[in-house]
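# Structure at a glance
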Amino acid sequence: MAVRGRPRGFDADAALDRAVEVFWRQGYEGASLTDLTEAMGINRTSMYAAFGNKEELFHQAVARYAEADMAYAREALAKPTAYEVIETFLRANADALTRADRPSGCLSVQGGLAEGGDSGRIARFLADSRLAGERALARRLARAVEEGDLPPGTDPQALARYVMVVSEGNAVHATAGAVRAALHATVDIALQAVPRTHADVDT
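So, how was this worked out
Per chain, the residues get numbers from 1 upward, laid out in the order the sequence is written. In keeping with the predicted nature of the model, local features appear solely for residues at pLDDT of at least 70, side-chain atom pairs appear and are counted solely at 80 or more, and the whole-chain, interface and lining totals rest on all residues. The basis for every side-chain value is the complete set of non-hydrogen atoms in the structure, without hydrogens or water. Here a salt bridge means any side-chain nitrogen of Lys or Arg lying within 4 Å of a carboxyl oxygen belonging to Asp or Glu. A run of H or I in DSSP becomes a helix once it reaches four residues, and a run of E becomes a strand once it reaches two; helices and strands are each numbered from the N terminus. Partly exposed residues are those whose accessible area sits between 20% and 50% of the maximum for their type, while under 20% is buried and over 50% is exposed, using a 1.4 Å probe and protein chains only. Every axis corresponds to a line fitted to the C-alpha atoms, with the helix fit spanning only the stretch in contact, and the corresponding angles, defined between N-to-C directions, vary from 0 to 180 degrees. These descriptions rest on fixed angle ranges, namely under 35 degrees for roughly parallel, over 145 for roughly antiparallel, 65 to 115 for roughly perpendicular, and the rest for oblique. Left-handed describes a crossing whose near helix is turned anticlockwise from the far helix through less than a right angle; right-handed describes the clockwise counterpart. Contacts were defined at the residue level, with two residues in contact if any of their heavy atoms lie within 4.5 Å. For this classification, Asp, Glu, Lys and Arg are treated as charged, while Ala, Val, Leu, Ile, Met, Phe, Trp, Tyr, Cys and Pro are nonpolar and the rest, including Gly, are polar. Only the six-membered ring of Trp is used, alongside the rings of Phe and Tyr, when aromatic pairs are assigned; centres must lie within 6.5 Å, and planes under 30 degrees apart are stacked while those over 60 apart are edge-to-face, with the rest tilted. Only lysine NZ and arginine CZ atoms are considered, and such an atom sits over a ring when it is within 6 Å of the ring centre and within 35 degrees of the ring normal. The set of buried Ala, Val, Leu, Ile, Met, Phe, Trp, Tyr and Cys residues whose side-chain atoms join them within 4.5 Å is what this entry labels a nonpolar core.

## A few points about the pattern of salt bridges
Taken as a whole and judged by the stated rule, the model has 14 salt bridges. Between arginine 180 and aspartate 95 there is a salt bridge; the shortest N-O distance is 3.5 Å. Here arginine 180, found in helix H10 (residues 180-191), pairs with aspartate 95, found in helix H6 (residues 82-97); they are 85 residues apart in sequence, far enough to count as distant. Note on arginine 180: relative accessible area 34%, which makes it partly exposed. Residue aspartate 95 is classed as partly exposed on the basis of its relative accessible area of 29%. Each of the salt bridges in this network shares a partner with another, and the network as a whole consists of Glu21, Arg25, Asp69, Arg99, Asp101 and Arg102.

## Topic: the packing of H6 against helix H9 (residues 156-175)
At a minimum axis separation of 10 Å, H6 and H9 run at an interaxial angle of 15°. Taken together, the axis directions place H6 and H9 in an arrangement best described as roughly parallel. For the pair H6 and H9, the sense of crossing is right-handed. The segment H6 lies against H9, with Ile86, Phe89, Leu90, Asn93 and Leu97 engaging Leu159, Val163, Met164, Val166, Ser167, Asn170, Ala171 and Ala174.

## Some words on the packing of helix H8 (residues 121-146) against H9
At a closest axis distance of 8 Å, the pairing of H8 and H9 adopts a crossing angle of 135°. With respect to H9, the element H8 is oriented oblique. Note that H8 runs across H9; the crossing there is right-handed. Contacts between H8 and H9 pair Arg130, Glu134, Leu137, Ala138, Leu141 and Ala142 from the former with Pro156, Gln157, Leu159, Ala160, Arg161, Val163, Met164 and Glu168 from the latter. Its residues assigned to classes, the contact of H8 with H9 comprises nine nonpolar, one polar and four charged.

## Focus: the packing of aromatic side chains
By the definition in use, this model includes six aromatic pairs. Here tryptophan 24 and tyrosine 65 contribute two aromatic rings whose centre-to-centre distance is 5.0 Å and whose plane-to-plane angle is 85°, an arrangement assigned as edge-to-face. In this pair, tryptophan 24 sits in helix H1 (residues 12-30) while tyrosine 65 sits in helix H4 (residues 54-68), placing the two residues 41 residues apart along the sequence. Both residues of the pair, tryptophan 24 and tyrosine 65, count as buried. Here the aromatic rings of tyrosine 28 and phenylalanine 58 are separated by 5.2 Å at their centres, their planes lie at 65°, and the arrangement is edge-to-face. Here phenylalanine 58 lies in helix H4 and tyrosine 28 lies in helix H1, a separation of 30 residues in the sequence. This pair shows no difference in class: tyrosine 28 is buried, exactly as phenylalanine 58 is. Over the face of the ring belonging to tyrosine 28 we find lysine 54, whose NZ or CZ atom lies 4.5 Å from the ring centre. Stacked on the ring of tyrosine 83, the Lys or Arg arginine 196 has its end atom at 3.8 Å from the ring centre.

## Topic: the nonpolar core
Counting 57 residues, the largest nonpolar core has Phe23, Met40, Phe51, Leu57 and Leu90 as the members making the most contacts within it. The residues touching leucine 57, leaving out its near neighbours within four places in the chain, are Leu16, Ala19, Phe23, Leu36, Met40, Met47 and Phe51.

Here's what the structure looks like:
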């Protein structure tokens, strides 16, 4: 994380974690500078010196969120079969969306839902961030097709998009109050659509 002129006695990482939570709960547009600086325990001068303006702070908050709160996505990609990759991702996602110690839902979905004076930059930034995750999943699924782990003719891009649609839909429902068991029930149904080879099903 690039930090400019970090003040003495200022834990920038802890402050950024608190900014993540404010953006997560209130979205980019709903989070005022006062909300952010009060939660971070700093004044505006310190915020600008350490993180830049509000938009730059938000970019750093999303990166922090991806590193910490979405580590499960990277772990899922390392699973040995495509089915395990998808199941691990969707189940861990359902758990993450309903953690008692975090806001409900997903920062990357909630953060840019409201259109404001940023000319759509924040919504596009978040959409690009989600697309990067979808492309990483598509590459992993394309490898599974090449290895015979997914049936011939499987479209890895379409399958990756389907998985992301399920996870993003669950995020919206979690924000609206859906409980963890309800999200996992959706995952149960979604997994039925994942193509599997006969050998994979037999195991």
